[in-house]
Amino acid sequence: MKTQLSPIVAGTMNWGIWDKKLSTSEMIHLINICIENKISTFDHADIYGSYTTEAEFGKAFAESKMAREKIQLISKCGIQLEGSRKNEIKHYDYSKEYIIWSAENSLKNLQTDYLDVFLLHRPSPLMVADEIAEAIEKLKKDGKIIDFGLSNFTSSQTELIRQKTEINYNQVQFSATHHEAMLDGSFDYMLVHGIRPMSWNPLGTVFREDTEQTRRLKKVLAELVEKYGVGSDTILLAWILQHPAKVIPVAGTVNIARIQQLMKAVELKMDKQDWFTIWAESMGNEVP
């Protein structure tokens, strides 16, 4: 692992037409707010905004005149969306030619010479490990990517690729409401092989859904907010950060007040019993 990412990463999925439709000046402002708050890594995927958000971010980054060394850029490839690029059905493509083309296309869109981290977005039953490794080795040799990783890959799928080329990251779903990665062997496998997990949707469904699980969590979070003097989203991120796998949360918020609070989670050391209380309330029962 050659790249030093910020302890919390800014996710850009919602910056473009899929949600917030930020203008170039708004994106520049948001990039600067993130940097001011020690969040220097930005997580992209070619498909965000139906293949438009990378280019919008790239335009904002270029106009900001910020030094490339100040930030780290992550992108992902492999998902072919239906209705785009003459695709009649959503599918995956991990041919050597496509991986190289996709990485180079992301570089063009982001207006940069290299990606700090390049991920395969979702596993495909048709992926050939040798072909993937050849593409990644060429991209590294040409200086177009620094570190390589996966996203949403199981341990066995990761091992298939790891046998052929070095893997530094795996971005998976992990939160207080979706904690399977710490129980199904995923994090254990990553710890054994020196693979750093990233967590997408790190706040889970706590603020999005009204279920028995989220009601239980909100109740305990209200008590912990009182105890620790920080927001409930900060506590949920601190819960993730406390795992020994050294998970890096990818926070998708564009709310400036929230961004300014995110790094408090890095400093917050939660009492072990509080950590287990959150897990128990998520499950709806005490640990075995």
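Residues numbered from 1 in each chain as written. Predicted model: local features only at pLDDT ≥ 70, side-chain atom pairs only at ≥ 80, totals over all residues. Heavy atoms only, no water.

**A short note on the nonpolar core**
Grouped together as the largest cluster of nonpolar side chains are 76 residues, with contacts concentrated most on F42, I99 and W239. In terms of residue count, the dominant contributor to this core is helix α1 (residues 24-36) (seven residues). Dropping the residues within four chain positions of it, W239 is found in contact with F174, S175, A176, H179, M182, M270, W275, I278 and W279. (Core = buried A, V, L, I, M, F, W, Y, C linked by side-chain atoms within 4.5 Å. Buried < 20%, exposed > 50% of the residue type's maximum accessible area, 1.4 Å probe, protein only. Helix = DSSP H or I, 4+ residues; strand = E, 2+ residues; numbered from the N terminus. Contact = heavy atoms within 4.5 Å.)

**Overview of the side chain of K140**
By the element assignment, K140 lies in helix α5 (residues 129-141). In this structure, K140 is buried with no salt-bridge partner, the nearest side chain bearing the opposite charge being E166 at 4.3 Å. (Lys, Arg positive; Asp, Glu negative; His and termini not counted. Salt bridge = Lys/Arg side-chain N within 4 Å of Asp/Glu carboxyl O.)

**Points about the environment of L262**
Tracing the backbone shows L262 in helix α10 (residues 256-262). A residue is classified by how much of its surface remains accessible, and L262, at 7% relative accessible area, is buried. Setting aside chain neighbours within four positions, we find L262 in contact with I8, I39, L237, A251 and T253.

**Observations concerning the pairing of strand β10 (residues 248-251)**
Here β10 shows no split at all, with I248 and V250 on one side and P249 and A251 on the other all buried. As defined by bridge partners, strand β1 (residues 9-11) adjoins β10 across two bridges and the pair is classed as parallel. Within the sheet, the bridge partner assigned to V9 lies in β10 and is V250. Sheet analysis places strand β9 (residues 196-200) next to β10, joined by three bridges and oriented parallel. In the sheet register, M198 faces β10, and the bridge partner there is I248. (Pairing = 2+ DSSP bridges.)

**Brief notes about the sheet that holds strand β8 (residues 169-173)**
Spatially, the eight strands close up into a barrel ordered β1-β2-β3-β6-β7-β8-β9-β10, and their pairing is parallel. Pairwise comparison of adjacent strand axes, ignoring direction, gives a mean angle of 30° for this sheet. Relative to strand β7 (residues 145-151), strand β6 (residues 115-120) is paired through five bridges, and the arrangement is parallel. What sits directly across from L115, in β7, is I145. Against the sheet, helix α4 (residues 96-110) touches β3 (72-77) and β6, its axis set at about 135° to β6. (Axes fitted to C-alpha atoms, helices over the stretch in contact; angles between N-to-C directions.)

Any functional reading would require information that these geometric values do not contain.
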